[in-house]
Amino acid sequence: MHTLPIAGASLTLTTAVGHRSLLAASDGVSARLDELHFTLGEGPAVDAVSRGHPVLTSDLAEPGTAGRWPAFSGAAIEAGAGALFALPLQIGAVCLGVLVGYRVEPGRLSADDLAQALRLADGAADALLNLAVPASDLTEPDGDGDGATHDNHRTYSFGAEVHQASGMLMVQLGVSIEVALARLRAYAFAQGRPVSEIAREVVAGTLLLERQ
């Protein structure tokens, strides 16, 4: 997306039960925005995936936007984003994930820019579909989750730890996997920390969440 008027972008896979795996992020801000979407459970990318159409936010500080995503908007601005554009990776009725681009300063995409972004999202969706990898494998990251540099871009993935922690909580708390994931996200939000950090502590056994 280097020809588009954006500062960075990320590509994320999603599943029906709310898990996600960040395949790639061009910079730390993009990675942080993905983490905020997942931790807070709101924002343009969340809406793009759930509704199956692009969500274009030209000004995150605009009052209507802040009211729509009260937790996400301020946190995204603090992370370094002024505008955010979320495009679902859609194949028919199935959404495989989301492509997210951000701008430091507020601003809209032109019609030509949007058309190009949509073509890129379609291409990404086709490429993922052609991988012919089972969905269970698509949610698992490569490597140790700390990120690896390729062509001056950093690849981030937090999926494995979150999946493992959710499974552990499901057993410990006697709840469904969806409820376990929600508990994990809620605790991270209350602590003001990334879900990946909380998941790491749960997996390591240094953090125990109590039954409610």
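Residues numbered from 1 in each chain as written. Predicted model: local features only at pLDDT ≥ 70, side-chain atom pairs only at ≥ 80, totals over all residues. Heavy atoms only, no water.

Q: Residue-level account of the pairing of strand β5 (residues 94-103), with values.
A: Counting buried positions over the 10 residues of β5 gives 8, a clear majority of the element. The sheet contact formed by strand β1 (residues 8-14) and β5 spans 6 bridges and is antiparallel. Each bridged residue has a counterpart across the sheet, and for T12 the counterpart in β5 is V98. In this antiparallel pair of consecutive strands, strand β4 (residues 83-91) and β5, the connection spans 2 residues, and G92 shows a positive phi of 65°. (Buried < 20%, exposed > 50% of the residue type's maximum accessible area, 1.4 Å probe, protein only. Helix = DSSP H or I, 4+ residues; strand = E, 2+ residues; numbered from the N terminus. Pairing = 2+ DSSP bridges.)

Q: Which residues make up the nonpolar core, and what are the values?
A: Ranked by size, the top nonpolar core spans 17 residues in total, and within it I6, L11, F85, L89, L99, A121 and L128 carry the most contacts. Secondary-structure elements contributing two or more residues to this core are β1, β4, β5 and α5 (111-130). Per element, the largest residue contribution to this core is 5 residues, and it comes from α5. Once you skip the residues sitting within four places of it in the chain, L128 turns out to touch L13, L23, L89 and L96. (Core = buried A, V, L, I, M, F, W, Y, C linked by side-chain atoms within 4.5 Å. Contact = heavy atoms within 4.5 Å.)

Q: How would you summarise the confidence of the model for the chain if you had to cite specific residues and measurements?
A: On average, residues of the chain score 80 in pLDDT, and 81% of them are at 70 or above. Between the elements of the chain, mean pLDDT differs from a low of 35, seen in strand β7 (residues 153-155), to a high of 96, seen in helix α4 (residues 70-79). Note on residues 132-158: pLDDT is under 50 here. Beyond four places in sequence and across chains, it has 41 contacts. (pLDDT = per-residue confidence, 0-100.)

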